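One-letter residues, chain by chain:
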Amino acid sequence: MIICCGEALIDMLPIEISSQKETAYQPVSGGAIFNTAIALGRLGIKTGYCGGISTDLFGEQICQSLAESNVDYSFSYRQTAPTTLSFVKFKDGQASYAFYDENTAGKLFQRNNIKEVPADVEAFHFGAISLIQEPCGTVFEDLVTSAKESCVLSFDPNIRTSFITDSDGYRQRIHRLLSISDIIKVSDEDLSWLSPETKPKDFARQQLQRGASIVLFTEGSQGATAYSKNSTLKLRSKKVEVKDTIGAGDSFNAGFLSSLSEQALLSKSCLRDLTEQQLSIALDKANRVAAFTVTQNGAVPPWTEELSSIAYIN
């Protein structure tokens, strides 16, 4: 099982009402960690979700979305605090966000809200805005730190600068978590904020020396590069008709993790000795899953059977 630890929220997606020349908003279940959980479930991986979920109507929608994608949300904690809302704005297909997160169920998630973790957990996947806010940020950091010896830790900072109020404290948290993670995925935008003078290959080398087994660097339409102690692989993104980029990186994470699980490689010892071919297989699937997602409106990752029907552009 892979347990995804972090935020689940509602993305308010803009919809143009042509007859009235106005914009309405459609509530869609989302959040970076939620998106990865949904994608893993649809790809046939035994998946759990851990986080705070409201008992309000949006919380019910989130639970329904998880269940419909075969994600076990029994590790989450339900409370009456409201659901986090994220209003989305698009410019040239790229999304920006305005968050409404004061006193929400996700933000108020406490350590004593965590249910007992089953023994068959292969990996924890974590990151994104759930590490910025308190008390949930400390809770998730403590949870994954306590598991660093027993299972694989997959970390995607997925930095949202508009959400950060304490840059120094957040950078320190990220560096602590980088030092214990086995799989690290950063985008070009993440690295630009985290360490703007560091080149991707130098960042990867630093993390591999600190103990990571795999470092993934993504550059949107330019593709992704995977670094391990044995190899460096760069794969260009699949060319598709892009509708928007919501959930692309989250789906990429799911594709990569699902491939490692399918190859029976999701353990600390196997990751340390990963071959170039094994890494290539995982990177290719991550790329294909992300490619499908950007052809959809919103974060809609594929079911396994849909991966073969992607319309690539030659």
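Scroll up for the structure.
First, a word on scope: everything that follows refers to the structure included in this document. Keep in mind that this is a model prediction, so the values were computed, not measured.

### A word on the pattern of salt bridges
Inference 1: A complete count under the given rule lists 13 salt bridges for this structure.
Inference 2: In this structure, the salt-bridge partner of Lys107 is Glu102, at a minimum N-O distance of 3.5 Å.
Inference 3: Assessed through its relative accessible area of 12%, Lys107 is described here as buried.
Inference 4: Between Asp202 and Arg205 there is a salt bridge; the shortest N-O distance is 3.6 Å.

### Considering the packing of helix H7 (residues 248-262) against helix H9 (residues 276-294)
Inference 1: Running from N to C, H7 and H9 point in directions that differ by 145 degrees, and their axes come no closer than 7 Å. Regarding H7 and H9, the two cross each other, and that crossing is right-handed. Facing Ala248, Ser251, Phe252, Gly255, Phe256, Ser258, Ser259, Leu260 and Glu262 of H7, the residues of H9 in contact are Leu279, Ile281, Ala282, Leu283, Lys285, Ala286, Asn287, Val289, Ala290, Thr293 and Val294.
Inference 2: In terms of residue class, the contact of H7 with H9 is built from twelve nonpolar, six polar and two charged.

### Focus on the sheet that holds strand S3 (residues 22-30)
Inference 1: One open sheet holds the four strands; their spatial order is S3-S2-S8-S9, and the pairing between them is mixed. If you trace the sheet from one side to the other, it starts and ends with S3 and strand S9 (94-100), each paired once. Averaged over all adjacent pairs, the angle separating strand axes in this sheet is 30 degrees, with direction ignored.
Inference 2: Direction of pairing for strand S2 (residues 9-17) relative to strand S8 (residues 85-91): parallel, over a ladder of three bridges. By the bridge assignment for S8, Asp11 is matched with Ser86.
Inference 3: Strand contacts of helix H2 (residues 57-68): S2, S3 and S8, with the helix running at about 55 degrees to S3, the strand carrying the most contacts.

### Some points on the state of the cysteines
Inference 1: Throughout the structure, instances matching the rule amount to zero disulfides.
Inference 2: With no disulfide of its own, Cys50 has Cys5 as its nearest cysteine by sulfur position, at a separation of 4.9 Å.
Inference 3: Cys136 takes part in no disulfide bond, and the closest cysteine sulfur, belonging to Cys50, lies 11 Å away.
Inference 4: Given a relative accessible area of 3%, Cys136 falls into the buried group.

### Things to note about the nonpolar core
Inference 1: In this structure, Leu66, Ile183, Ile214, Leu216, Phe256, Leu260 and Leu266 are the most contacted members of the largest nonpolar core, which totals 53 residues.
Inference 2: Every element with two or more residues in this core is listed here: strand S1 (2-5), S2, helix H1 (32-42), H2, strand S13 (214-218), strand S14 (224-227), H7 and H9.
Inference 3: The element contributing the most residues to this core is H9, with nine residues.
Inference 4: The residues contacting Phe256, other than those within four sequence positions of it, are Ile183, Ile214, Leu216, Leu279, Ala282, Leu283 and Ala286.

So, how was this worked out
Residues numbered from 1 in each chain as written. Predicted model: local features only at pLDDT ≥ 70, side-chain atom pairs only at ≥ 80, totals over all residues. Heavy atoms only, no water. Salt bridge = Lys/Arg side-chain N within 4 Å of Asp/Glu carboxyl O. Buried < 20%, exposed > 50% of the residue type's maximum accessible area, 1.4 Å probe, protein only. Axes fitted to C-alpha atoms, helices over the stretch in contact; angles between N-to-C directions. Helix = DSSP H or I, 4+ residues; strand = E, 2+ residues; numbered from the N terminus. Left-handed = near helix turned anticlockwise from the far one by under 90°. Contact = heavy atoms within 4.5 Å. Nonpolar A, V, L, I, M, F, W, Y, C, P; charged D, E, K, R; others polar. Pairing = 2+ DSSP bridges. Disulfide = S-S within 2.5 Å. Core = buried A, V, L, I, M, F, W, Y, C linked by side-chain atoms within 4.5 Å.

Limitation: the analysis is restricted to geometry and does not speak to function.
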